[in-house]
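What the coordinates show
Single-letter residue listing:
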Amino acid sequence: MKATCWIAPNNVAVEEVPEPKILNPRDAIVKITSSAICGSDLHLLDGFIPTMKKGDVLGHEFMGEIVELGHAARDGLKIGDRVVVAFPIACGNCASCQRGLYSVCENSNPNAAIAELAMGHAPAGIYGYSHMLGGYAGGQAQYARVPYADVGALKIEDDLPDEKVLFLSDVLPTGYMAAEMCDIKRGDIVAVWGAGPVGQFAALSAYLLGAERVIVIDRFQYRLRMVREKCGAEIINYEETDVMDALRDMTAGRGPDACIDAVGTEGHHASPALYAYDRAKQAVKVELDRPHALREAVLSCRNGGTISVIGAYGGFIDKFPMGSFMNRSLTMRSGQAHVQRYWRPLLERIRRGEIDPSYIITHTMRLEDTPHGYDIFKNKQDECLKVVLKP
Amino acid sequence: MGRRSTIDVRSVTDTLGIERETQSRGSQGLARFLGWFSLGLGVTTLAARPQVGRLCGVDDSRTAQTVLQAAGVRELGHAAALLFPRRAGWGAWTRVAGDVMDLAASTTAMRNRRGERRRRLMYTTWALAGITAVDLYAAVQVTRGGRFRASNRVQASVTINRSAEDAYRFWHDFENLPRFMSHLESVRMVGDRRSHWTAKAPAGRRVEWDAEIVADRPNEMITWRSVDGATVPNSGSVRFVPAAGGRGTEVRVDLEYAPPGRMFGAALAKIFGEHPQQQICDDLRRFKQVMETGEIARSDGSPDGTNTQQQIKQRPAQPLAMPRA
């Protein structure tokens, strides 16, 4: 079968690889009908997530049709079912899963010891997202193996098109969780750094959860235009406006009640000097992430407010404004999305027409064209926001 | 094994009623002290060479100055050998070797010194002899355990989201153990309390032994030990303690064994990466997986499941060509 393989930083290729097989009783094999390139795949592409190997199959946002089932996964699933697959691989039985913390499942990462070296404790395994996170083959392919399919595959029983339900796999629950972590109260103003798919859905969800105003910060005019038109958010282009001043002004000095970092490890900064500071340290691996958005979010937030970090970070950061964070009674919440906790209620909202996530798709292409998809998505060419691949 | 092999080891009966080895840290403390002593001596000698020379009574010769400088540098070497490793081992013997050199130098110097200088050299020599005795004692103490005993103890624990009853019941059926203990090939019950174990050993070998249950407290603890004549004499216990606040069960394993081939076998096992501490940690991770999910987590990069040793040479995360059991 064909699959997108990571070769080296900034080098992916569509290659012929073996078809996946059932390895465990709770596995399913899914014939993929739609797969997406996620913003966090770019951190892999750029080589900022450690423990990638040449030949690793990429992709963690996908859906398809079950073509094979292990004997223990037949309860509730059958061959021919149309399913969306959650990007965090979760067993459903451990203490974390039972608390709804699926992305920190205690059993799904067979390489937990590597992750423990880097992070202290290991999070769950993720499809196609480095060996530290399990060494699972990803879903930018024709077929994928889905472990613990009874927990990780959501059956789609009506005729909603792939485009409307595919993002239940990752970016929609991720954006939703970002907003939920803000603990939004009536009248709250929420600021979102990043107008990519996750930032867009975080803005949308913040309104759904009762925010009075949502302000989105980005530097690409087309993304800002889209988040204003589709989500109704106010916008700041940080290359044209000083973000701290603008937020202070828009909130009459208070600062946003909650700040969402939907940017993560490869943030940019309007000041070339400040950008160069982190970029240089990242290049020589003194610092693994560029936390521009996170620093700005902390400094902008109102006293006693909440920082919600959903952007993906890989390692260590420097110059975290701890003094501001501590002295001003801020709260920080973070996590990879616990997809399985959110996808049923979100599917309901899609069914009822409250959300139509398909608007973020700007490009649909064949699996063979994935390298081109990565290229335009990474370089923000052709007004690219989301690429969907059709195997 | 290296971590523990250089410690003075003696035998005691532990709280579980099993004969175990315990360690004395006294000799380690002495070795550490000697390390700091070397550091002080080295720095003093290098910083105040003329004064030290006067004190020893060798300040009248140019050669003595050079010898003193060399001795100062050497003391810093001893300090490094004793203070940097986690446990002082053979480093302690470097001090003994240094003492012999110092004694030789001072007795040589004594031959052509007279009067006050000779008297000072005499004091120096006696002091050196005393230090040599202490060094010899410390060196023998810190290296003795390793040379004569090569037994080992490993401990590991995990929390499982199941009741102590479930975990105890699964473990108590010893024939289940190979399901998560990857180095075990089989365990067969050959009597009420007796079982026959077969395990894979380094370099494709195989070891077999009989074990008996020593103590068995339902839902709390199982203790076993190998019967006489085992190639790898071993004993172990597993305890099941309900975790606070309904957080499942804390499973604590404590194993002690004498590796085949003693030190050589132990070193060999380490070279092949089959370190028991790592093995037991991996085993417990798999025990948790089997208890909680009914299967062992396998990915395309780790088709054999959790195995820390295998992680270094992991295959790419590509689907497998061949089905696996």
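Residues numbered from 1 in each chain as written. Chains lettered and ligands numbered in written order. Predicted model: local features only at pLDDT ≥ 70, side-chain atom pairs only at ≥ 80, totals over all residues. Heavy atoms only, no water.

Notes on the overall build of chain B
The helix and strand inventory of chain B stands at 9 helices and 9 strands. Within chain B, the fraction of its 325 residues that count as buried is 47%. For chain B, long-range pairs separated by at least 24 residues make up 53% of all intrachain contacts whose partners lie at least 6 apart in sequence. For chain B, the exposed area adds up to about 16,400 Å²; of that, 57% sits on carbon and sulfur atoms. (Helix = DSSP H or I, 4+ residues; strand = E, 2+ residues; numbered from the N terminus. Buried < 20%, exposed > 50% of the residue type's maximum accessible area, 1.4 Å probe, protein only. Contact = heavy atoms within 4.5 Å. Areas by Shrake-Rupley, 256 points an atom, 1.4 Å probe, with all protein chains shown as cover.)

Description of the UniProt feature "domain: Alcohol dehydrogenase-like C-terminal" (unreviewed entry) in chain A
Within this numbering scheme, the UniProt entry marks residues 197-265 of chain A as carrying the feature "domain: Alcohol dehydrogenase-like C-terminal" (unreviewed entry). In residues 197-265 of chain A, helix accounts for 45% and strand for 20%; the two terminal C-alpha atoms are 16 Å from one another. (UniProt positions renumbered as here; feature names shortened; annotations may be inferred.)

So, the domain arrangement of chain A
Residue and element names in this part refer to chain A. One can read the domain layout of chain A as domain 1 (2-170 + 337-390) and domain 2 (172-334). The distance between the C-alpha centroids of domain 1 and domain 2 comes to 25 Å. Both sides together, the interface formed by domain 1 and domain 2 hides about 2,700 Å², and carbon and sulfur atoms give 69% of it. Across the pair Glu180 and Arg341 runs a salt bridge, and its minimum N-O distance is 3.8 Å. Counting the contacts that link domain 1 with domain 2 gives 8 residue pairs in polar contact (both at pLDDT 80 or more). For the side of domain 1 that touches domain 2, the secondary structure elements donating two or more residues are helix 1 (39-45) and helix 13 (339-351). Looking at the side of domain 1 that touches domain 2, the element that brings in the most residues is helix 13, giving 6 residues. (Domains from an automatic or database assignment. Buried area = accessible area lost by both parts, 1.4 Å probe. Salt bridge = Lys/Arg side-chain N within 4 Å of Asp/Glu carboxyl O. Polar contact = N/O pair within 3.5 Å; in protein donor to acceptor, adjacent residues only side chain to side chain.)

Points about the interface of chain A and chain B
With 41 residues of chain A at the contact, the number on the chain B side is 34 residues. Taking both sides of the interface into account, the surface hidden between chain A and chain B amounts to around 2,900 Å²; carbon and sulfur atoms contribute 48%. Along the contact surface separating chain A from chain B lie 2 salt bridges. Between Glu116 of chain A and Arg285 of chain B there is a salt bridge, and its shortest N-O distance comes to 3.0 Å. Contributing elements (two or more residues each) for the side of chain A that touches chain B: strand 4 (56-57), helix 2 (95-98) and helix 3 (112-119) of chain A.

Some remarks on the sheet that holds strand 8 (residues 234-242) of chain B
Residue and element names in this part refer to chain B. Strand order in this open sheet of 7 strands is 3-9-8-7-6-5-4, and the pairing throughout is antiparallel. Pairing within the sheet leaves two strands with one partner each, and these edge strands are strand 3 (152-160) and strand 4 (184-189). Each strand of the sheet is rotated relative to its neighbour by a mean of 20°, with strand direction disregarded. Relative to strand 8, strand 7 (residues 221-226) runs antiparallel, the two being bridged by 5 bridges. Directly across from Thr223, in strand 8, lies its bridge partner Ser237. (Pairing = 2+ DSSP bridges. Axes fitted to C-alpha atoms, helices over the stretch in contact; angles between N-to-C directions.)

Comments concerning the packing of helix 6 (residues 171-180) of chain A against helix 7 (residues 197-208) of chain A
Residue and element names in this part refer to chain A. Their axes nearest at 7 Å, the elements helix 6 and helix 7 cross at an angle of 50°. Judged by the angle between their axes, helix 6 and helix 7 are oblique. Where helix 6 crosses over helix 7, the two elements pack in a sense that is right-handed. Here Val171, Leu172, Thr174, Gly175, Tyr176, Ala178 and Ala179 of helix 6 come into contact with helix 7, specifically with Pro197, Val198, Phe201, Ala202, Ser205 and Ala206. Among the residues forming the contact of helix 6 with helix 7, the class breakdown is 10 nonpolar, 3 polar and no charged. (Parallel < 35°, antiparallel > 145°, perpendicular 65-115°, else oblique. Left-handed = near helix turned anticlockwise from the far one by under 90°. Nonpolar A, V, L, I, M, F, W, Y, C, P; charged D, E, K, R; others polar.)

Some details on unusual backbone geometry
Residues and elements named next belong to chain A. A positive phi angle, close to 45°, is found at Tyr148, a residue other than glycine. By secondary structure assignment, the location of Tyr148 is in the loop between strand 9 (143-146) and helix 4 (149-152). Its relative accessible area of 1% is what places Tyr148 among the buried residues.

A look at the environment of Val134 of chain B
Residue and element names in this part refer to chain B. Along the polypeptide, Val134 turns up in helix 6 (residues 115-148). The exposure class assigned to Val134 is partly exposed, which follows from its relative accessible area of 37%. Between the alpha carbons of Val134 and Val96 there is a distance of 9.1 Å; along the sequence they are 38 residues apart. What Val134 contacts, discounting residues up to four positions off in sequence, is Leu30 and Leu34.

Concerning the pairing of strand 4 of chain B
In summary, the side chains of a regular strand alternate between the two faces of the sheet. Residues and elements named next belong to chain B. Pairing of strand 4 with strand 5 (residues 194-200), which is carried by 5 bridges, proceeds in the antiparallel orientation. Of the residues in strand 5, the one forming a bridge with Arg188 is His196. Between strand 4 and the antiparallel strand that follows it, strand 5, lie 4 residues.

Comments concerning the sheet that holds strand 15 (residues 306-309) of chain A
Residue and element names in this part refer to chain A. Judged by pairing direction, the sheet is parallel, and its 6 strands sit side by side in the order 13-12-11-14-15-16 without closing on themselves. With one partner strand each, in any of the chains shown, strand 13 (234-237) and strand 16 (331-334) form the two edges of the open sheet. Here the average twist between neighbouring strands, direction ignored, is 20°.

Comments concerning helix 11 (residues 292-300) of chain A
Counting buried positions along helix 11 of chain A yields 8 of 9 residues, so the element is predominantly enclosed. All of the buried residues along helix 11 of chain A are His292, Ala293, Leu294, Arg295, Glu296, Ala297, Val298 and Ser300 of chain A.

Here we look at the packing of aromatic side chains
Summed over all chains, the structure comprises 19 aromatic pairs over all chains. Seen in terms of ring centroids, Phe33 of chain B and Phe37 of chain B are 6.3 Å apart; in terms of plane orientation they differ by 20°. Their pairing is stacked. Here Phe33 of chain B and its partner Phe37 of chain B are both found in helix 2 (residues 26-47), 4 residues apart, which amounts to about one turn of the helix. What links up through ring pairs into an aromatic cluster is the set Tyr168, Phe170, Trp171, Phe180, Phe240 and Phe287 of chain B. The ring of Phe377 of chain A has Lys380 of chain A lying over it, and the distance from NZ or CZ to the ring centre is 5.8 Å. (Phe/Tyr/Trp six-rings, centres within 6.5 Å; stacked < 30°, edge-to-face > 60°. Lys NZ or Arg CZ within 6 Å of the ring centre and 35° of its normal.)

Observations concerning the pattern of salt bridges
Residues and elements named next belong to chain B. Taken as a whole and assessed by the stated rule, the structure comprises 45 salt bridges over all chains. Taking the shortest distance from any N to any O, the salt bridge between Glu116 and Arg119 comes out at 2.7 Å. Placement of both Glu116 and Arg119 in helix 6 is noted, with a separation of 3 residues, approximately one turn of the helix. The partner of Asp283 in a salt bridge is Arg286, with the nearest N and O atoms 2.7 Å apart. Linking Asp283 with Arg286, this pair stays in helix 9 (residues 276-293), spanning 3 residues, or about one helical turn. Residue Asp283 is classed as buried on the basis of its relative accessible area, which comes to 1%. Exposure remark for Arg286: the relative accessible area of 4% places this residue in the buried category.

What to know about the environment of Arg118 of chain B
Assignment of secondary structure puts Arg118 of chain B in helix 6. Along the backbone, Arg118 of chain B and Ser237 of chain B are 119 residues apart, and their C-alpha atoms lie at a distance of 64 Å.

Quick look at the UniProt feature "transmembrane region" (unreviewed entry) in chain B
In the UniProt entry, the feature "transmembrane region" (unreviewed entry) is given for residues 121-140 of chain B. Secondary structure content for residues 121-140 of chain B is 100% helix and 0% strand, while the C-alpha to C-alpha distance between its ends is 28 Å.

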